[in-house]
Amino acid sequence: MSKVALVTGGTRGIGAAISKALKEAGHKVAASYAGNDEAAAKFQAETGIPVYKWDVGDYDACAAGIAKVEADIGPVDILVNNAGITRDGFFHKMTKDQWSAVIRTNLDSLFNMTRPVIEGMRARNFGRIIVISSINGQKGQMGQVNYSAAKAGDIGFVKALAQENANKGITVNAITPGYIGTDMVAAMPEEALKRVVAGIPVGRLGKPEEIAQMVVFLASDNGAFATGATFAVNGGQYMA
Ligand SMILES: NC(=O)c1ccc[n+]([C@@H]2O[C@H](COP(=O)([O-])OP(=O)(O)OC[C@H]3O[C@@H](n4cnc5c(N)ncnc54)[C@H](OP(=O)(O)O)[C@@H]3O)[C@@H](O)[C@H]2O)c1
């Protein structure tokens, strides 16, 4: 059945593929982004999906942004917390700014985005909350203590929130992508990326669409019995 979906970071990379796939599945979709107006305008022109700009690390901005989306297209039934960043570096050299930026965008954002929609979902007895965590939140990754901590935190958030809301028709799940061919991965040094691909049994990077189809399933009525779970989509790179 057609629902209203909001995808954070929904204008580029994995998020863009999720926005498009949810639209193709028949949902009304809104995509948020942080600051890349050019990419967002191009995405909106190509897909017809409306875009909204705010920082998911800012609670008041999230509340205001969600209110605007809900006024424009209706109450949010499906929330995809996808927006995320990396600020890599070894921990013994990591600055407080690198730490805080990653925790704020990848973990605080879950409170900021989910808190304003959860009461409405509970009142309507339906909700789908999907968090894009990471393989590196499960296995840890050198150079990413901040990111691994935030992404592991995402998984704890999902497990606890799922228990609180299972009796209200709300499911809460995490997807842990492996390495997917997006701008985030393109920013890695070439040699490091080669080493990563060599360690993926499927022998290639994942495609954003391969994450998006998992989201479509979890958002659907058929996904109703899956909650509090972590779905790894990583080409066999890590089997938790
Ligand atoms: N790519 C991978 O291999 C991989 C693997 C595992 C997990 N993930 C996770 O998957 C998610 C998407 O990754 P991606 O590779 O698609 O990233 P990406 O290509 O860098 O796109 C990130 C998206 O998030 C938005 N964003 C970033 N910071 C934001 C903020 N503070 N407020 C609102 N929006 C913000 C960006 O907006 P702008 O366009 O305005 O910058 C953009 O739309 C992230 O959570 C990432 O950690 C990625």
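Residues numbered from 1 in each chain as written. Predicted model: local features only at pLDDT ≥ 70, side-chain atom pairs only at ≥ 80, totals over all residues. Heavy atoms only, no water.

J.: I'm lost on the packing of aromatic side chains in this one. Help?
T.: The geometry of an aromatic ring pair is captured by two quantities: the separation of the ring centres and the angle between the planes. In total, this model carries 1 aromatic pair according to the counting rule given. When the centroid spacing of 5.7 Å and the interplanar angle of 35 degrees are considered together, the rings of Y59 and F111 count as tilted. Separated by 52 residues along the polypeptide, Y59 in helix α3 (residues 59-73) and F111 in helix α4 (residues 96-124) bring together distant segments of the chain. Residue Y59 is classed as partly exposed on the basis of its relative accessible area, which comes to 34%. Over the ring of F126 we find K3, and its NZ or CZ is 4.0 Å from the ring centre. (Phe/Tyr/Trp six-rings, centres within 6.5 Å; stacked < 30°, edge-to-face > 60°. Helix = DSSP H or I, 4+ residues; strand = E, 2+ residues; numbered from the N terminus. Buried < 20%, exposed > 50% of the residue type's maximum accessible area, 1.4 Å probe, protein only. Lys NZ or Arg CZ within 6 Å of the ring centre and 35° of its normal.)

J.: When you look at the UniProt feature "domain: Ketoreductase" (unreviewed entry) in the protein in this model, what are you seeing that I'm missing?
T.: This chain's UniProt record puts "domain: Ketoreductase" (unreviewed entry) on residues 3-178. In this annotation, residues 3-178 is assigned 53% helix and 18% strand; the end-to-end C-alpha distance for the span is 28 Å. (UniProt positions renumbered as here; feature names shortened; annotations may be inferred.)

J.: Would you explain the nonpolar core in this entry?
T.: Among the nonpolar cores identified, the biggest contains 27 residues, and L6, W54, V69 and M113 are the most heavily contacted of them. The leading source of residues in this core is α4, at 5 residues. Those residues within four positions of M113 in sequence are excluded, and the remaining contacts are L6, T8, W54, V56, C62, I66, L79 and N81. The next biggest cluster of nonpolar side chains, apart from the first, holds 26 residues, and it includes A17, I18, I180 and A226. (Core = buried A, V, L, I, M, F, W, Y, C linked by side-chain atoms within 4.5 Å. Contact = heavy atoms within 4.5 Å.)

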